[in-house]
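What follows is the residue order along each chain.
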Amino acid sequence: MSRSSTSRSAEGRRRPPTIHDVAREAGVSRGTVSRVLNGGHYVSPAAQDAVNAAIRKTGYVVNRHARSLITGKSDSVAFLLTEPQERFFEDPNFNVLLRGCTQALADRDIPLLLMIAGTADERRRNLRYIEAGHVDGVLLVSSHSGDPVVTQLRRAGVPLVACGKPLGQTSKVSYVAADDRDGAREMVRYLYASGRRRIATVTGPADTPGGVERLAGYRETLAECGLPADEALIVPGDYSRASGEAAAGLLLERAPDVDAVFVASDLMAQGVLDTLARAGRRVPEDVAVGGFDDSPAAVSSRPPLTTIRQPWDRISAEMVRVLLARIGGEEAAAVILPTELVRRESA
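Everything numeric here is computed off the predicted structure, so don't read it as measured data.

Let us look at the overall build of the protein chain. Within the protein chain one finds 14 helices and twelve strands. Rg of the C-alpha trace for the protein chain: 25 Å, well past the compact-globule value of 20 Å for 347 residues, more than 25% over. Its C-alpha atoms put the protein chain at 85 × 40 × 35 Å along the principal axes. Every one of the 347 residues in the protein chain was classed for burial, and the buried ones make up 52%. Split by element, the accessible area of the protein chain, about 16200 Å² in all, is 50% carbon and sulfur. Averaging the positions of the 44 positive and the 43 negative side-chain charges in the protein chain gives two centres separated by 8 Å.

This is how it looks when you write it as C-alpha cells:
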C-alpha cells in the first residue's frame, strides 16, 4: 500500500505529504519529481502525468520557502499601489485591476502580494521589503511623475511593469496602458457630433499619464472641430468623487452656458452629476456628461454614464505577461491597448 497524505508521525499526528511521498506514489525517483516541479524539463510525458496524478492524490503542496533557497527566487509578485489607502477602497478601478492580476497569476500558480505606498514611510518600508528579494517583480499602479519608486526599483534591478505610461521614463520601463489620448478624442468627437459646443473637461492630475494624455486628446479634438480654446472650461481633479463635485461647481460659476463635460474618470463624473443635479441642470438635456474607464461607477451613476471603456481584463493579463517576461530576462516592452466608446443615458 502506498503512503500518502494520511501518513502520520511517530507521535500520531498527521504530517503533510512530502516530495518522497509523491515519488513513491508515482513510482519514480525524487529527482524526477523535482524536475516536474521545476518546469518538467527532461521528463517523459508518462512520468510527468504520473507525478501530477500523485501530487493530486497525496495533496502535496510545494514548499515555496525551500524552493526559493535553491532557486534564489521567491515565486511571488507584488502589486504596488502608490496612492493613499482610502483611494484603494474608493476607486473601483484599482479593485478591478487587482482582481485581474490576481487571476492571471493564479493561472500560473504565483501568489500576489498587495502593497500600498501612499506615504513616504509606507514607500520606504515596501521598497526595503521588495529590494530584499521577497518578490520577483512588481506590478506598479498609479505612478506619478517625480515619484521615486520607479527609479529606486530600476536602480535595485527589480523587474517591474507600470500600469500606464510612466511619465519621463517610457523608453526605460515596461508598461501597459489604454490609449488615453485616443479615448478622449473619441469622447469629445461624440459630444460635438451630438450638437454640443461648450464642451468642458474635468482633468485627472497633471502628474499622471491619464491626466496628461486625456487632456491632450481633449485639446486636440476641440481644435479639430474648430472650437475655440477656453481655459475657463478646463478644471483639474484628482480622480475622486469629491473633486468632481468641486470641479463642476467651479465650471458652473465660470461658464454657466456649458452644455457638455468630458470627465477624466467615472468616479469624478459621479461627483459632476451630483453637482449638476443640485444646480437644477438636467442630464443630458441641459448638460451632457461623458466619463472615462467604464468602471462599476459608470453603471451605478444616475443616469448611467456614457463613457470610454478601458479593457481592464486585457490590461491586467498583459501586465502579468510582460512582467513574467521581464523576470525571465527579456527587454523592456510597451503595450498600448485600444479603448471603446460606451453609450448610455448621460450623453
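Okay, the packing of helix H7 (residues 120-134) against helix H8 (residues 148-155) next. In contact at an axis separation of 11 Å, H7 and H8 are set at 20° when each is read in the N-to-C sense. The orientation of H7 with respect to H8, classified from their angle, is roughly parallel. Viewed along their axes, H7 and H8 form a crossing whose handedness is right-handed. Each of Arg123, Leu127, Ile130 and Glu131 in H7 lies in contact with H8, whose residues at this interface are Pro148, Val149, Gln152 and Leu153. The residue makeup of the contact of H7 with H8, split by class, is five nonpolar, one polar and two charged.

Attention now goes to the sheet that holds strand S6 (residues 199-203). With respect to topology, four strands assemble into an open sheet ordered S7-S6-S8-S9, the strand pairing being parallel. Where the open sheet ends on each side, the last strands, each with one partner, are strand S7 (234-236) and strand S9 (288-290). Going from strand to strand, the sheet's axes swing by 15° on average, the running direction of each strand aside. Sheet analysis places S6 next to strand S8 (residues 260-263), joined by four bridges and oriented parallel.

The omega angle of the peptide bond from Val283 to Pro284 is 10°, so this bond is cis rather than trans. By the element assignment, Pro284 lies in the loop between helix H12 (266-278) and S9. Here Arg302 and Pro303 are connected by a cis peptide whose omega angle stands at 0°. Inspection of the secondary structure assignment puts Pro303 in the loop between helix H13 (296-300) and strand S10 (307-309). Backbone geometry places Asp109, a non-glycine residue, at a positive phi of 60°. By the secondary structure assignment, Asp109 is in the loop between helix H6 (92-106) and strand S2 (112-116). On the accessibility criterion, Asp109 (54% relative accessible area) is exposed. Residues other than glycine seldom take positive phi values, yet Asp294 does so here, at roughly 55°.

Here is what the cut-offs are and how they apply
- Residues numbered from 1 in each chain as written.
- Predicted model: local features only at pLDDT ≥ 70, side-chain atom pairs only at ≥ 80, totals over all residues.
- Heavy atoms only, no water.
- Helix = DSSP H or I, 4+ residues; strand = E, 2+ residues; numbered from the N terminus.
- Rg over C-alpha atoms; globule rule 2.2 N^0.38 Å.
- Buried < 20%, exposed > 50% of the residue type's maximum accessible area, 1.4 Å probe, protein only.
- Areas by Shrake-Rupley, 256 points an atom, 1.4 Å probe, with all protein chains shown as cover.
- Lys, Arg positive; Asp, Glu negative; His and termini not counted.
- Charge placed at Lys NZ, Arg CZ, Asp CG, Glu CD.
- Axes fitted to C-alpha atoms, helices over the stretch in contact; angles between N-to-C directions.
- Parallel < 35°, antiparallel > 145°, perpendicular 65-115°, else oblique.
- Left-handed = near helix turned anticlockwise from the far one by under 90°.
- Contact = heavy atoms within 4.5 Å.
- Nonpolar A, V, L, I, M, F, W, Y, C, P; charged D, E, K, R; others polar.
- Pairing = 2+ DSSP bridges.

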